[in-house]
Structure formats: C-alpha cells, structure tokens
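Examining the three-dimensional arrangement
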Amino acid sequence: MVHLEGNPVLEFSDVDLVRNDQKVLHNLNVTTSEHRIGVIGANGSGKSSFARLLNGLLVPTNGCAKILGHDVKQSTKEVRRQVGFVFQNPDNQIVYPVVSEDIELGLKGMNIPKAERKAKVEEILSRFNLLHLKDRSVHMLSGGEKQMIALSSVLIMQPKMIVFDEPTTLLDLRNRNVVASTIMALEQYVVLVTHDLELLSAFDRVLVFDEGRITADDSPKEAIAWYKRKMAS
Amino acid sequence: MDLSFYLHGNSILHKMPTWSKFALLVAFSIAFYAIHDFKILITKLALVILLVVYIKVPLKRLKAMFALPLFMVLLFSIFSFVVNDLNAGLLTFFRLSSLVILAACVTVTTKIEDFMAFIENLLLPLSFIPFIKPATVSLTLSLTLRFIPEIFKLGMDIKEAQAARGLKSNPIALIVPLIVLTLKRADDISDALDARMLD
Amino acid sequence: MATKDIVFIALFAAIIAALGFLPAIPVAGIPAPITAQTLGVMLAGTILGPKRGALAVAVFLILVLAGLPLLAGGRGGIEYFVGNSGGFLVGWFFGAFVIGFIVKNFISDTQINIRAHFIILIACFLGGICVVYLPGILWIARNTGSSFVDVYLGSLVFIPGDFIKVIIAMLVTVAVRRIYPIALK
C-alpha cells in the first residue's frame, strides 16, 4: 500500500454540491485514512455524486475536498492522475472497439513508446489471466469480462486510489465474486459505492448516505446493521 | 457483425502504402475524363479486370463486391444513352466501370486501420482546427466503431419490446427511443472518458 | 470542443450507421422500402445542430470511405465515392449542416409550437433534399456527360420517398426534443 506520511486519504470540510439547481450534498465533513472505505445509501442519497467528487468529475460548490492531499478544485489533473474510476456499466466506460486498444487509451497521453505500452497492456491482462482477450472485439465479451477490462484499463495507469461506483450491480453471481475478490486483493486505496452489502464485510469503514448527508460512519458491521434498520422502518 | 471487406493476400496492391493507392486512384480518375479513345478505355477496363484476378478475389466475393456498383454504372450508362447518344452511354460505361472496379480493389487490399492512419495523416495540416487534432479524430472514429454494434442491438431490443406488446413496426416508435436512450448514455460515456484521459 | 461534443458526434455517426442495418421503412404505394439512413443524416442536423451534425456525418463517411460496410444494405468502400452515389454522399455532409443551421437559428430551444414544426420541415426539405441532390446531380451529370436538367428530371423518381423521410424526420425531432432536449451546436 502507498503510505502518505500521516496525511488523510480523504478530507472533506463543509462540502456542498449543487447539480442542476438541486443541492445533492449538504455540508459534508469526513476524514479518512483507512485502506478500504465502503459507501452505501438509498437511490438518490448522494453517494454517486460523492464518488464523482473523489476524482474531480464533479467539484464542490462550496467547501473544500482534498483527496490524497490534493484539493479537487485546484489540482483536478493531479487528482485524476492518482484516482482511478470504475463505473457501474463497463459498456459506457470502454470506448475502443478492441480490448488492447482500450486498455492502452490512458497511456497514450503520457509519451510512452508504443512497444512499452503494448508490454504494459499484456502485463496487466496476464495478471488477471485475460491475455486471451487481447485482440477480441469488446462487443463480444461477457459482462464480467467487460468489467475486468474496465478495471484493467484503470489499473494500468497505476493510480493510488480507485473509486468503484456499483461495479457488481450488472453482474451475475460468479462474475460478481471474481470482481469482489479482485477488489479485495488491490493494494490501492479503495472507495466502493454499492448496494451489495456483503461486499463490504471485510472493509475498514463504511459511510451511510441519506438525502445528501452522511448519517452513519462506522465499522461495516455496525453501519450495515444501522442501514438495514433504517431501510426497514 | 463483420465490419471489414479486407481480403488477405500478398499482392503488390496489398503491399503498396495507402497513400500511393489513393494517388493511383486519383490519377486514374482524372485520366479517364481526358480520354475519349475507346481503344484506350477498353484496354484500361481489361487491365483492372486483370487486377481483380491478380489480387485473387474469390469467386463468391465477386458478387458482393461488384454487383451493386456495376449495376448502378449500367443503369447510368443506359440513362446517358437515352438522354444523349450511344457514344456518351458507352463512354460512361467504360469510364465508370473501370474506376469502380479499381476503387473496389483498393478497398479490399487496404486494412481499415491503415486507412484510418492515412486519413489522420491527411488531416494533419488541418490540426490547427480544434476538432481535427489527430488524437481527437482517432478517438472519435474508434468511439463510433465501438458503439455501432451496441446501438444496432439497442434498436433490435426496442423492436422486440414493441413486438412483445403487440405493436406494429413503426419507424418513429423505433427511432425516437433509440436516439433518446443513446443521447442519455452520452453523459456516462463522456464522464468515463474524462475520468480516463489525463491531458 | 468538449468531451461531450466528441461523444455526441461519435454516437450519432453510429446511429446513422445502425439505421442502415435496421430493417427499412415499408411505405404503402412505393414498391421499394426506403432506408432509414438518410433519415439519420437529417436527424444529425436537427438534433445535434450544424457543426456537430455535419461532423457526425463526416465521421460516418470517413468510415465508409475506409471500407467499412456501413451504407444501407452493408455496402462501403471507395467505389461508392467514385461511382454515381459519390455526389449524394458528399451532399449529406452539407445537408446536415444546412438543416442544423436553420433549426438552430430559427427556433428556440424550449418552445415546440406549430411554427417550430414547420421550420423543422422546411429545414429538412432544403437541407435533406435540395442540398443533398445538388452535388449528387452535378456529379452524375459530369459522369454521364448529360445535362443537369436531364439528370434532375430522372432523379424526380426518388423525391416521394424523400418527402416521407422529411416528414418522419420532423416528427422524430419534435418527439426527441420534447423528451430530451439538448442545446444545438
């Protein structure tokens, strides 16, 4: 794991976020330094917006959000370089028609020679035993394969942190398990937004969102129990 | 969905750089309009037919490759004959048929990625226009290729869903949701691109 | 150009291609079914606007030129540009631009009244028929050594099918703008 010399991983102070004239996050204050953070909450509770703040896809309307020590508003580029993002639907994340081309995309802007880029692509695919998919057309892959390709395309950039926005929602149980164990094996900092509560059992800390506010912040066991009680009432 | 006409082979036409094939085609088409001598025109047609044999186009591909373009050439030659005279009709036929056959030969001997690289180089002098930066052009072309099968599948899904509800095939009821769903997806795709591109 | 514009252009080019594969539109009274592809060209203009609409058509045409079988019925390659259809294909680009230009400048983003219906209809007629046919006819006249008027009269056969497309394009545009309006560019 990357050590940050005592700096917090996430540091939100008084963060408000307005989207389409609607306030979706209210006065968030949270500081974390754990390896794996889970984020849960009902639909529309603000957790996806929270995730998008973590790599600068959105920036706070008011307040200050620091990720890995960088202010999201002022150093969006640096934050993006260090924070990878895996979306719910890999079909929207994979933009090139062939697997290897897509994984290479992020490297293209970095002045890395072509041969080296190719080597990196093969290395990352071998790591997940997916080398046989290298020259496949993306259209022909299964949902689980697509999600693993999306993750590979993020990992090849060597981020320090990866944000997952409901990565298992569209997967069958078998593929969900593959993605889950891959996430647990990552050395990077992880923030995982999910409705799949079991995924979080071995996480270090879980935040519960409700109507744009953090209403619980605890160990997975406690936070999930609280969330279940709340959803039942 | 097979998205390529490329014919594997080892001929000179396969090996020629893409730009030279294009230069050849342009030269050929300019030369055609300067020539009125049927002896030369017939010789040229014979030469391009020999070229088809030389690059070893399999018999079963011939129809897909030439049937429609040549049918159109024939149609327009007849048109020219009717509104002008026999001479004009024959000129049209010999000029266009050899040109179309030559163009088809270039198409089947050029890999799509080679052609795309050629287009990107061709646009290089225009790269001062923001949209025509080589990286942007290549990204846009790839994105389109990536999403053609997806959108086609979406169209088939919409048709199926409407058929399941007992609705008759109606172009408006198909195209409206196809476009709306695709435009809505653009948000997610551009978010994902922004998250992944570092420049 | 923002990332979103690039995505819109690419997705619409893909829509134009997909419309060439989807089953054609059967029309009572016309023997040959009309393909939805030129409809896609008109819609690129009315829905994306002049610049993005024309660029979406350009992207589609570059892929056809590259040899991808994306023209209706699975056709493609340089031969369709040097052959008689070449002028029409080039006309698509300008047609989408003119349609987008008219729609962008003459109707407001929010109001969809009778006047807006009428303007979209006029835009699709001028851009989708007049502007597309002009280079198409010139091209054929040059290729066949015929006069402009002869070719023009000959191409009148295709006008009824195109009229139907203009009407469908108008109805689709109005519906899409009601459900999911995007600013024209």
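**Here we look at helix α8 (residues 159–179) of chain C**
Here α8 of chain C spans 30 Å end to end across 21 residues, near enough to the 30 Å set by a 1.5 Å rise per residue. Along α8 of chain C, the residues that are buried comprise Asp162, Lys165, Val166, Ile168, Ala169, Met170, Val172, Thr173, Val176 and Arg177 of chain C. Taken together, the buried residues of α8 of chain C touch α8 (171–196) of chain B together with α2 (37–48) and α6 (114–144) of chain C.

**Remarks on the sheet that holds strand β1 (residues 10–19) of chain A**
Sheet strands line up and pair through hydrogen bonds in the backbone, either parallel or antiparallel. Taken together, four strands build an open sheet; the order of strands is β2-β1-β4-β5 (chain A) and the sheet is antiparallel. What marks the edges here is a single partner per strand, and that holds for β2 (22–32) and β5 (70–71) of chain A.

**Examining the arrangement of the chains**
The pair of protein chains exhibiting the most contacts, out of two pairs of chains in contact, is chains B and C. The least C-alpha distance between chain A and chain C, which are not in contact, is 10 Å.

**A word on the interface of chain A and chain B**
On the side of chain B, 18 residues touch chain A, which itself brings 21 residues to the contact. Only α2 (76–82), α3 (90–93) and α4 (99–108) of chain A provide two or more residues apiece to the side of chain A that touches chain B. In the side of chain A that touches chain B, the residues fall into nine nonpolar, eight polar and four charged.

**Structural notes on the environment of Ser75 of chain A**
With respect to the helices and strands, the residue Ser75 of chain A is situated in the loop between β5 and α2. The spatial distance from the C-alpha of Ser75 of chain A to the C-alpha of Leu200 of chain A is 30 Å, given a sequence separation of 125 residues.

**Points about the interface of chain C and chain B**
In this assembly, 51 residues from chain C lie in contact with 56 residues from chain B. Secondary-structure elements contributing two or more residues to the side of chain C that touches chain B are α1 (3–21), α2, α3 (50–65), α4 (79–82), α6, α7 (148–155) and α8 of chain C. Ranked by the residues each element gives to the side of chain C that touches chain B, the list is headed by α1 of chain C, at 14 residues. Of the residues that constitute the side of chain C that touches chain B, the class distribution is 37 nonpolar, ten polar and four charged.

**Considerations on the nonpolar core**
If you look at the biggest cluster of nonpolar residues, it comprises 179 residues, and the most contacted ones within it are Ile16, Ala56, Val57, Val59 and Phe60 of chain C. When residues of this core are assigned to their parent elements, the largest contribution, 15 residues, is made by α1 of chain C. With residues up to four places along the chain from it excluded, the contact list for Val59 of chain C reads Thr140, Leu141 and Thr144 of chain B together with Ile9, Ala10 and Ala13 of chain C.

**With respect to the pairing of strand β7 (residues 161–165) of chain A**
Residue and element names in this part refer to chain A. Among the five residues in β7, five count as buried, and that is most of the element. Burial along β7 is two-sided: Met161, Val163 and Asp165 and Ile162 and Phe164, pointing in opposite directions, are all buried. Two strands pair when backbone bridges link them, and strand β6 (residues 83–86) and β7 are joined in this way by four bridges, in the parallel orientation. In the strand pairing of β7, Gly84 is matched with Ile162. Note: β7 against strand β8 (residues 189–193), five bridges, orientation parallel. When the sheet's bridge partners are listed, Val163 is paired in β8 with Val191.

**Focus: the confidence of the model for chain A**
Looking at chain A as a whole, the pLDDT averages 91, with 97% of positions reaching at least 70. Within chain A, no element has a lower average pLDDT than α4 of chain A, which sits at 88, and none a higher one than β8 of chain A, at 96.

**Observations regarding the packing of α8 of chain B against α1 of chain C**
Taken N-terminus to C-terminus, the directions of α8 of chain B and α1 of chain C make an angle of 140 degrees; their axes are 9 Å apart at the nearest point. If you check the angle between α8 of chain B and α1 of chain C, you find them oblique. Where α8 of chain B crosses over α1 of chain C, the handedness of that crossing is right-handed. Of the residues in α1 of chain C, those touching α8 of chain B at Leu178, Ile179, Thr182, Ala186, Ile189, Ser190, Leu193 and Asp194 of chain B are Thr3, Lys4, Val7, Phe8, Leu11 and Ile15 of chain C. Of the residues assigned to the contact of α8 of chain B with α1 of chain C, the class counts are nine nonpolar, three polar and two charged.

**Thoughts on unusual backbone geometry**
Residues and elements named next belong to chain A. Of note, the phi angle at Asn27 is positive, near 45 degrees, even though the residue is not glycine. Along the chain, the position of Asn27 falls in strand β2. Judged by the 15 C-beta atoms lying within 10 Å of it, Asn27 falls in the partly exposed class. Here Gln158, not a glycine, exhibits a phi torsion of approximately 50 degrees, which is positive. Mapped onto the elements, Gln158 comes out in the loop between α6 (143–155) and β7.

**Thoughts on the pairing of strand β9 (residues 205–210) of chain A**
All names here are of chain A. As paired strands, strand β3 (residues 36–41) and β9 are joined by five bridges and run parallel to one another. The residue bridging Gly38 from the neighbouring strand is Val206, located in β9. One ladder, built from five bridges, connects β9 with strand β10 (residues 213–218); its direction is antiparallel. Of the residues in β10, the one forming a bridge with Val206 is Asp218. Count of turn residues in the β9/β10 antiparallel hairpin: two residues, of which Glu211 carries a positive phi of about 45 degrees.

**Side note on the environment of Glu11 of chain A**
Residues and elements named next belong to chain A. Structurally, Glu11 can be placed in strand β1. Glu11 gets classed as partly exposed once you count the C-beta atoms within 10 Å, which come to 19. Each residue touching Glu11, except ones within four places of it in the same chain, is listed here: Thr31 and Lys66.

**Describing the sheet that holds β6 of chain A**
Residues and elements named next belong to chain A. The strand order β6-β7-β8-β3-β9-β10 describes an open sheet built from six strands, whose pairing is mixed. The open sheet is flanked by β6 and β10, the only strands paired with a single partner. Pairs of neighbouring strands in the sheet enclose a mean axial angle of 20 degrees, with direction left out of account. The pairing of β3 with β8 spans four bridges and is parallel. When the bridges of β8 are listed, Arg36 appears paired with Val190.

Calculation rules
Residues numbered from 1 in each chain as written. Chains lettered and ligands numbered in written order. Predicted model: local features only at pLDDT ≥ 70, side-chain atom pairs only at ≥ 80, totals over all residues. Helix = DSSP H or I, 4+ residues; strand = E, 2+ residues; numbered from the N terminus. Expected span 1.5 Å × (residues − 1). Buried ≥ 20, exposed ≤ 12 C-beta atoms within 10 Å, placed from the backbone. Contact = placed C-beta atoms within 7 Å. Pairing = 2+ DSSP bridges. Nonpolar A, V, L, I, M, F, W, Y, C, P; charged D, E, K, R; others polar. Core = buried A, V, L, I, M, F, W, Y, C linked by C-beta atoms within 7 Å. pLDDT = per-residue confidence, 0-100. Axes fitted to C-alpha atoms, helices over the stretch in contact; angles between N-to-C directions. Parallel < 35°, antiparallel > 145°, perpendicular 65-115°, else oblique. Left-handed = near helix turned anticlockwise from the far one by under 90°.

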